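# Geometric and topological summary
One letter stands for each residue in the lines below.
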Amino acid sequence: MREMLENICKQALDSIAEAKQSNDLEAIRVKYLGKKGQLTQILRGMGKLSPEERPVMGQLANQVRGDIESALSSRVKEMEEMTLAKRLREETIDVTLPGKRPPLGGLHPLTTVLNQVTDVFLGMGFSVAEGPEVELDYYNFEALNMPRNHPARDTQDTFYINENILLRTHTSPTQIRVMEKQNPPIKIIVPGRVYRSDAVDATHSPIFHQLEGLVVDKNITMGDLKGVLDVFAKRMFGEKTRTRFRPHHFPFTEPSAEMDVSCVTCGGSGCRVCSNTGWIEILGAGMVHPTVLEYGNIDPNRYSGFAFGMGLDRVVNQIYGIDDIRLLYENDIRFLSQF
Ligand code: PHE
């Protein structure tokens, strides 16, 4: 029996040493130490031994069991360490590799230009006001001296929510909203989105952007209007920029004018962008009509003012040499990523 035990021990330790995977070790454990395992069988046969032999063999058998168990567990540990070492080797991360850059967004050219325009006016002491895009007929037309059925409404057809509520066709309604709340001196700009029921083409979009300006105080003249807008044009498009004012008509200003700037692309000599005229029209302006001041609760005998409304999309197109307004609204990343 001693010999058998010693053989079992030797075989078990040999196969443990040769085992390649943890599965092999489990099989070995079952083969020797399991319920039907070789060592277990032998222990069962102990009963047949003489009383003198029994404790000696018992002790030997226990020692064999202990040897096998500790060989198994140290081999298990060894395997775990090897697996870990292997994974560490294979899964090394090269921290010096350049990372994957997340695609970064940028500002839309309209936003960039709006920020620049705003800066110029803030520099001249203006502050920023805002008004709603869904506007009352009253503010969009009525209080701007365009009563119902006034022919001037035809040029500003829009989208109606109902008879009294519409999408604003210009930023001018905010003039009235500000005058209602604030006493002169008033010196504000109003940037914002405006709407007209126009068919889409290279120069028209049912949504576009304006920047309104309103100055109301004592003794405000057309000279102030021209001075402020000329300074604006030079700061925005460059010191060499020239401006010209052409007589025009708006129901809410009197007198009224449109302002052109010398073409940014050709400097005024004439090119495709300015249709060979050398000039680009960028805004409408004028002295605030006395009736409009009255709608804003301001006494036209004590105060006067000027106002202007600039087409921001045109300014953007001028600055970047874009010849189609639709590009600003299609959100094509190939276009936008150029800015
Ligand atoms: N609101 C006018 C337009 O949209 C522009 C304008 C504003 C004209 C202020 C004069 C004064 O055409």
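Predicted model only: the values in this text are computed from it and were never measured. (Residues numbered from 1 in each chain as written. Predicted model: local features only at pLDDT ≥ 70, side-chain atom pairs only at ≥ 80, totals over all residues. Heavy atoms only, no water.)

### Quick word on the site of the ligand
- Within the structure, the ligand sits among 15 residues, and H170, S172, R196, Q210 and G309 are positioned closest to it.
- Measuring from an oxygen atom of the ligand, one finds a side-chain N or O atom of Q210 at 2.9 Å.
- Isolated, the ligand exposes 330 Å² of accessible area, and the fraction of that covered by the protein chains is 92%.
- If you tally residues by element for the shell around the ligand, the top one is strand 9 (residues 304-311), at three residues.
- For the shell around the ligand, the class distribution of residues is five nonpolar, eight polar and two charged. (Near = heavy atom within 4 Å. Polar contact = N/O pair within 3.5 Å; in protein donor to acceptor, adjacent residues only side chain to side chain. Areas by Shrake-Rupley, 256 points an atom, 1.4 Å probe, with all protein chains shown as cover. Helix = DSSP H or I, 4+ residues; strand = E, 2+ residues; numbered from the N terminus. Nonpolar A, V, L, I, M, F, W, Y, C, P; charged D, E, K, R; others polar.)

### Let's talk about the domain arrangement of the chain
- Each assigned domain of the chain is listed with its residue range as follows: domain 1 (2-90) and domain 2 (109-336).
- Placing the centre of domain 1 and that of domain 2 at their C-alpha centroids yields a distance of 93 Å. (Domains from an automatic or database assignment.)

### Structural notes on the pattern of salt bridges
- Applying the stated criterion across every chain, the model contains 20 salt bridges.
- Taking the shortest distance from any N to any O, the salt bridge between R65 and E69 comes out at 3.4 Å. Here E69 and R65 lie together in helix 4 (residues 53-90), a separation of four residues that amounts to about one turn.
- Residue class for R65 comes out partly exposed when judged on its relative accessible area of 25%.
- Between R177 and E135 there is a salt bridge, and its shortest N-O distance comes to 2.7 Å. Placement of the pair is R177 in helix 7 (residues 173-181) and E135 in strand 2 (residues 134-136), with a sequence separation of 42 residues.
- Salt bridges linked by common partners bring R244, R246, E258, D260, E281 and R314 together as one network. (Salt bridge = Lys/Arg side-chain N within 4 Å of Asp/Glu carboxyl O. Buried < 20%, exposed > 50% of the residue type's maximum accessible area, 1.4 Å probe, protein only.)

### As for the packing of helix 1 (residues 2-18) against helix 4
- Closest axis-to-axis distance for the helix 1/helix 4 pair is 10 Å, and the angle between their directions is 0 degrees. As summarised for this structure, helix 1 and helix 4 are arranged roughly parallel, according to the angle between their axes. Where helix 1 approaches helix 4, its residues R2, L5, I8, C9, A12, L13, I16 and A17 are matched on the opposing element by V56, M57, L60, A61, V64, D67, I68, A71, L72 and R75.
- Here the residues of the contact of helix 1 with helix 4 are counted per class, giving 15 nonpolar, no polar and three charged. (Axes fitted to C-alpha atoms, helices over the stretch in contact; angles between N-to-C directions. Parallel < 35°, antiparallel > 145°, perpendicular 65-115°, else oblique. Contact = heavy atoms within 4.5 Å.)

### Re helix 10 (residues 312-320)
- Within helix 10, burial applies to L312, D313, V315, V316, N317 and Q318.
- Of the surrounding elements, those touching the buried residues of helix 10 are helix 5 (109-123), strand 5 (207-217), helix 8 (222-237), strand 8 (279-288) and strand 9.

### Section: helix 1
- With 17 residues, helix 1 extends 24 Å from end C-alpha to end C-alpha; this agrees with the ideal 24 Å at 1.5 Å per step.
- Three or more residues of helix 1 are buried, namely L5, I8, C9, A12 and I16. Viewed along the axis of helix 1, the buried residues span an arc of 100 degrees, placing them on a single side of the element. Exposed residues pointing more than 90 degrees away from the buried face of helix 1 are listed as E3, K10, A17 and E18.
- Buried positions along helix 1 lie against helix 2 (22-33), helix 3 (38-44) and helix 4. (Expected span 1.5 Å × (residues − 1). Arc of directions from axis to C-beta.)

### Thoughts on the pairing of strand 5
- Extensive coverage of strand 5 is indicated by the burial of nine of its 11 residues.
- Direction of pairing for strand 4 (residues 186-195) relative to strand 5: antiparallel, over a ladder of 10 bridges. Looking at the pairing, G192 lines up with Q210 of strand 5.
- Here eight bridges tie strand 5 to strand 9, and the two strands are oriented antiparallel to one another. Looking at the pairing, Q210 lines up with G311 of strand 9. (Pairing = 2+ DSSP bridges.)

### What to know about the nonpolar core
- If you look at the biggest cluster of nonpolar residues, it comprises 41 residues, and the most contacted ones within it are V117, F121, F232, I282, F308 and M310.
- Setting aside its immediate chain neighbours within four residues, F232 contacts V117, V120, F121, M124, I282 and M310.
- Among the nonpolar cores identified, the runner-up in size contains 24 residues, and F141, V178, I188 and I298 belong to it. (Core = buried A, V, L, I, M, F, W, Y, C linked by side-chain atoms within 4.5 Å.)

### Quick word on the sheet that holds strand 6 (residues 243-250)
- Read from one edge to the other, the open sheet built from seven strands follows the order 1-4-5-9-8-7-6, with strand pairing classed as mixed. If you trace the sheet from one side to the other, it starts and ends with strand 1 (127-128) and strand 6, each paired once.
- This element, helix 5, spans strand 1, strand 4, strand 5 and strand 9 of the sheet and lies at about 5 degrees to strand 5.

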